[in-house]
Amino acid sequence: AKAEPGPSYAFFEASMNQAAQERMLAEQSLAKALEAGEFELLYQPKVRAGSRELLGFEALVRWQRPGHGQVSPAEFVPAAERTGQIQALGALIVALATRQLRDWLDRFGEVLPVAINVSPLQFEDARFVPRLLAAIEAMDLPRGSLQIEMTESAAIGHIEEVRPQLERLRQAGVLCALDDFGTGQSSLTMLRQLPIYSMKLDRSMIAPLPQHEASAVVRATCALGHSLGLEVVAEGVETEEQALAAEALGCTQLQGYHLGRPLQSTQAGELLAGRLSA
Ligand code: C2E
Ligand code: CA
Ligand code: CA
Ligand code: CA
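Conventions and cut-offs
- Residues numbered from 1 in each chain as written.
- Chains lettered and ligands numbered in written order.
- Predicted model: local features only at pLDDT ≥ 70, side-chain atom pairs only at ≥ 80, totals over all residues.
- Heavy atoms only, no water.
- Near = heavy atom within 4 Å.
- Polar contact = N/O pair within 3.5 Å; in protein donor to acceptor, adjacent residues only side chain to side chain.
- Areas by Shrake-Rupley, 256 points an atom, 1.4 Å probe, with all protein chains shown as cover.
- Helix = DSSP H or I, 4+ residues; strand = E, 2+ residues; numbered from the N terminus.
- Core = buried A, V, L, I, M, F, W, Y, C linked by side-chain atoms within 4.5 Å.
- Buried < 20%, exposed > 50% of the residue type's maximum accessible area, 1.4 Å probe, protein only.
- Contact = heavy atoms within 4.5 Å.
- Salt bridge = Lys/Arg side-chain N within 4 Å of Asp/Glu carboxyl O.
- Donors = N, O, S within 2.8 Å, 3.2 Å for Na, K, Ca; no water.
- Expected span 1.5 Å × (residues − 1).
- Arc of directions from axis to C-beta.
- Phe/Tyr/Trp six-rings, centres within 6.5 Å; stacked < 30°, edge-to-face > 60°.

## Description of the site of ligand 1
Near ligand 1 there are 21 residues, and of these Gln44, Arg62, Asp179, Glu238 and Tyr257 occur at the shortest range. A distance of 3.0 Å separates a nitrogen atom of ligand 1 from a polar atom in the side chain of Gln44. In the environment of ligand 1, an oxygen atom lies 2.8 Å from a nitrogen or oxygen atom belonging to the side chain of Arg62. For ligand 1, the accessible surface in isolation is 800 Å², of which the surrounding protein chains cover 82%. Of all the secondary-structure elements, those providing two or more residues to the shell around ligand 1 are β2 (54-65), α2 (73-83) and β6 (176-181).

## As for the nonpolar core
Core analysis: the biggest nonpolar cluster contains 77 residues, and Ile116, Phe123, Ile148, Leu166, Leu169, Leu201 and Val218 have the highest contact counts within it. In terms of residue count, the dominant contributor to this core is helix α3 (residues 86-108) (nine residues). If near-sequence neighbours (up to four positions away) are discounted, Ile148 is found in contact with Ile116, Val118, Phe123, Leu132, Leu166, Leu169, Val174, Leu175, Cys176 and Ala177.

## Describing the pattern of salt bridges
Going through the model one piece at a time under the given rule, you end up with 13 salt bridges. With a closest N to O distance of 2.9 Å, Arg48 and Glu53 form a salt bridge. Sharing partners across several salt bridges, the network here consists of Lys46, Glu58, Glu149, Lys200 and Glu235.

## Here's the deal with the coordination of the calcium ion (ligand 3)
Protein coordination of the calcium ion (ligand 3) is provided by Asp179 (OD), Asp180 (OD), Glu235 (OE) and Glu235 (OE), with donor distances spanning 2.1 to 2.4 Å. Read in sequence order, the donor residues for the calcium ion (ligand 3) give the motif D-D-x54-E. Between the two metal centres, the calcium ion (ligand 3) and the calcium ion (ligand 2), the spacing is 4.0 Å, with Asp179 acting as a shared donor. Remark: Glu235 occurs in the loop between β8 (231-234) and α10 (240-249) and Asp180 occurs in strand β6; sequence separation between them is 55 residues. What makes Asp180 partly exposed here is its relative accessible area of 25%.

## Some remarks on the coordination of the calcium ion (ligand 4)
Distances from the calcium ion (ligand 4) to its protein donors, Asp180 (OD) and Asp180 (OD), fall within 2.7 to 2.8 Å. The metal-metal distance between the calcium ion (ligand 4) and the calcium ion (ligand 2) is 5.9 Å.

## So, helix α6 (residues 159-171)
An ideal rise of 1.5 Å per residue puts 18 Å on 13 residues; α6 measures up with 18 Å between its terminal C-alpha atoms. Buried residues of α6: Ile159, Val162, Gln165, Leu166 and Leu169, and no others. Taken around the axis of α6, the buried residues stretch over an arc of 140 degrees, which confines them to a single face. Turned more than 90 degrees from where α6 packs its buried face, Glu160 and Gln171 sit exposed. Looking at the residues trailing α6, positive phi occurs at Gly173, about 90 degrees.

## Re the side chain of Lys200
With respect to the helices, strands and loops of the structure, Lys200 is situated in strand β7 (residues 198-201). Apart from residues lying up to four places away in sequence, Lys200 is in contact with Lys46, Glu58, Glu149, Ala177, Leu178, Asp179, Asp180, Phe181, Val233, Glu235 and Gln255.

## Brief notes about the packing of aromatic side chains
Each aromatic ring pair is specified by the distance between its two centres and by the angle formed by the two planes. Taken as a whole, this structure holds seven aromatic pairs when the rule is applied. Between Phe39 and Trp63, the aromatic rings sit 5.5 Å apart at their centres with planes inclined by 35 degrees, giving tilted as the arrangement. Placement of Phe39 in strand β1 (residues 39-48) and of Trp63 in strand β2 is noted, with a sequence separation of 24 residues between them. Take Phe39 and Trp63: they sit in the same class, and that class is buried. Between Phe57 and Trp104, the ring centres sit 5.7 Å apart and the planes meet at 40 degrees, which makes this aromatic pair tilted. Of this pair, Phe57 sits in strand β2 while Trp104 sits in helix α3, and the two are 47 residues apart along the sequence. Note on Trp104: relative accessible area 0%, which makes it buried. Among the aromatic residues, those joined into a ring-pair cluster are Phe39, Trp63 and Phe76.

## Quick word on the environment of Glu81
Mapped onto the fold, Glu81 is located in helix α2. Between the C-alpha atoms of Glu81 and Leu121, which are 40 residues apart in sequence, the distance is 7.2 Å. Those residues within four positions of Glu81 in sequence are excluded, and the remaining contacts are Ile86, Ser119 and Leu121.

Below, the structure is given as structure tokens:
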């Protein structure tokens, strides 16, 4: 008699079909959204520790999906990474951020740096860095006005491909921050092997402050960052208590809802205008 596939096999096949189907749906809806221009960037302030002066912004992508409201990047960025559409999405984000910088420059005569989030998968496409530099050139942006943030975890295993590209970006004035520091492994290796200018301490490190053990970890991490000549950014600062602790422990920059929520372009422009005319 013919062997029947066991229940585990049947389950496996069913879940494969479901995964494939979901992938196809994600791919189609992302493709439509890219075409329809449903993505926009919000801009979250970064401030200097101590003075709390505005230093620049982090660009955070949002999908205004008709019938779904605002979809979080935590949902569609991983999907775009799975389908390969992260390259197209990443290119769009570069276009939006460089256009925004050009607009602010035209209106205010100067600008503060904007950091875009880059998926390490984007470095797998050899065209990414040249296109990023071409976009900066095409918009005639001043050196240093565009920065990137890249997560630690995702860069692990890609170090050999990523490093020369980061070198090239740095030579062109595009600084890189190591994002979500403290959530991955081999942090020290990454720090020493990649040409980065700042480390961003993940919210999970900042949230428990000023609790004793968390403070000791943040203090030691800041000391490490300083010894490597890096800026150390506290992410996800939600209270004044956390802000004061992060400052006392050695963080050089602060970011989080307490200092400023991610803002629409218009509001970010107003903040920028106030800072530049001050
Ligand atoms: P991330 O780069 O670590 O960004 C910080 C996230 O924390 C953002 O969520 C931000 O809105 C949120 N946040 C900021 N301050 C606070 C705070 O005080 N409290 C809390 N609870 N949250 C805070 P968002 O915008 O949903 O982005 C989530 C992640 O999606 C980002 O984490 C980043 O990894 C990714 N992402 C966002 N925009 C882009 C993008 O343009 N390209 C790529 N490749 N990834 C992006
Ligand atoms: Ca980030
Ligand atoms: Ca982060
Ligand atoms: Ca994160």
